[in-house]
Amino acid sequence: MPTPLDPRKKPAAVKIHVSTGAGVDITWSDGHASHYDFSYLREECPCATCNDERDKKTTAPTAAPTSSPLLPMFKPKPTAKSANPVGNYAIQFTFSDGHATGIYSYDHLRTICPCPVCTQSFRNLAPSKMYLDR
């Protein structure tokens, strides 16, 4: 039997601002409002390829860079070229860098909400660990 969805992870209203590039605004059934920039969503892509890349970065030993460019290459922030609903449970974006394989379930979107309250509630971080990087 599937695990019942957390009712707090059900959207009441979803606004996707592709043409203005403003990002995504979701009002959740519990009244909480979340805003996601497209660049943040691109970094948090849930597809297998992106998950593998994130795992490699966290598990790979840090090595000294072999070359040091004088100026880093400018890379524009990713934006969304389009957004399409996936059933009534997710959104799929096509980003300006050509990436389009991530399916962002509403469950995932609430879990990655960037606000401190959601970070503590949905990512199970202890309050003392949330602010260690300050």
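Residues numbered from 1 in each chain as written. Predicted model: local features only at pLDDT ≥ 70, side-chain atom pairs only at ≥ 80, totals over all residues. Heavy atoms only, no water.

**Quick word on the sheet that holds strand E2 (residues 23-28)**
Argument step 1. Across the sheet, which stays open at both edges, the 3 strands sit in the order E1-E2-E3 with antiparallel pairing between neighbours. If you trace the sheet from one side to the other, it starts and ends with strand E1 (11-17) and strand E3 (33-36), each paired once. For this sheet, the mean inter-axis angle between neighbouring strands, taken without regard to orientation, is 10 degrees.
Argument step 2. Here E1 runs beside E2; their pairing, made up of 6 bridges, is antiparallel. Residue pairing in the sheet places Lys15 in a bridge with Asp25 of E2. (Pairing = 2+ DSSP bridges. Helix = DSSP H or I, 4+ residues; strand = E, 2+ residues; numbered from the N terminus. Axes fitted to C-alpha atoms, helices over the stretch in contact; angles between N-to-C directions.)

**A closer look at the pattern of salt bridges**
Argument step 1. Taken as a whole, this structure holds 5 salt bridges when the rule is applied.
Argument step 2. Note that Arg110 is salt-bridged to Asp30, the shortest N-O span being 3.1 Å. Of this pair, Arg110 sits in helix H3 (residues 106-111) while Asp30 is found in the loop between E2 and E3, placing the two residues 80 residues apart along the sequence.
Argument step 3. You can call Arg110 buried: its relative accessible area is 3%.
Argument step 4. Here Asp30 falls in the partly exposed class, since its relative accessible area comes to 40%.
Argument step 5. With a shortest N-O distance of 2.8 Å, Asp97 and Arg42 are connected by a salt bridge. One end of the pair, Asp97, is in the loop between strand E5 (90-95) and strand E6 (103-105); the other, Arg42, is in helix H1 (residues 38-43), and 55 residues separate them in sequence.
Argument step 6. Using a relative accessible area of 18% as the deciding quantity, one classes Arg42 as buried. (Salt bridge = Lys/Arg side-chain N within 4 Å of Asp/Glu carboxyl O. Buried < 20%, exposed > 50% of the residue type's maximum accessible area, 1.4 Å probe, protein only.)

**Thoughts on the side chain of His108**
Argument step 1. Residue placement: His108 occurs in helix H3.
Argument step 2. Setting aside its immediate chain neighbours within four residues, His108 contacts Glu44 and Pro46. (Contact = heavy atoms within 4.5 Å.)

**Some thoughts on the side chain of Lys9**
Argument step 1. By the element assignment, Lys9 lies in the segment before E1.
Argument step 2. Separated by 3.2 Å, the side chains of Lys9 and Asp107 make a polar contact.
Argument step 3. Polar side-chain contacts of Lys9 include one of 3.1 Å to the side chain of Thr111. (Polar contact = N/O pair within 3.5 Å; in protein donor to acceptor, adjacent residues only side chain to side chain.)

**Looking at the sheet that holds E5**
Argument step 1. Across the sheet, 3 strands lie side by side as E4-E5-E6; this open sheet has antiparallel pairing. Edge positions in the sheet fall to strand E4 (80-86) and E6, since each has one partner strand and no second. For this sheet, the mean inter-axis angle between neighbouring strands, taken without regard to orientation, is 25 degrees.
Argument step 2. Examined bridge by bridge, E4 and E5 share 6 bridges and lie antiparallel to one another.

**Let's talk about helix H2 (residues 48-59)**
Owing to its 3.6 residues per turn, the α-helix brings residues three or four apart onto one side.
Argument step 1. With 12 residues, H2 ought to run about 16 Å at 1.5 Å a step, and its terminal C-alpha atoms sit 16 Å apart, in line with that.
Argument step 2. Along H2, only 1 of the 12 residues are buried, which leaves the element largely exposed. (Expected span 1.5 Å × (residues − 1).)

**A short note on the packing of aromatic side chains**
Two descriptors summarise a pair of aromatic rings, namely the distance from one centre to the other and the angle between the planes of the rings.
Argument step 1. Taken as a whole, this structure holds 4 aromatic pairs when the rule is applied.
Argument step 2. Measuring from ring centre to ring centre gives 6.0 Å for Phe38 and Phe93, while their planes differ by 70 degrees; the resulting arrangement is edge-to-face. Taken together, the positions of Phe38 in helix H1 and Phe93 in strand E5 put the pair 55 residues apart, joining distant regions of the chain.
Argument step 3. Among the aromatic side chains, those forming a connected cluster through ring pairs are Phe38, Phe93, Phe95 and Tyr104. (Phe/Tyr/Trp six-rings, centres within 6.5 Å; stacked < 30°, edge-to-face > 60°.)

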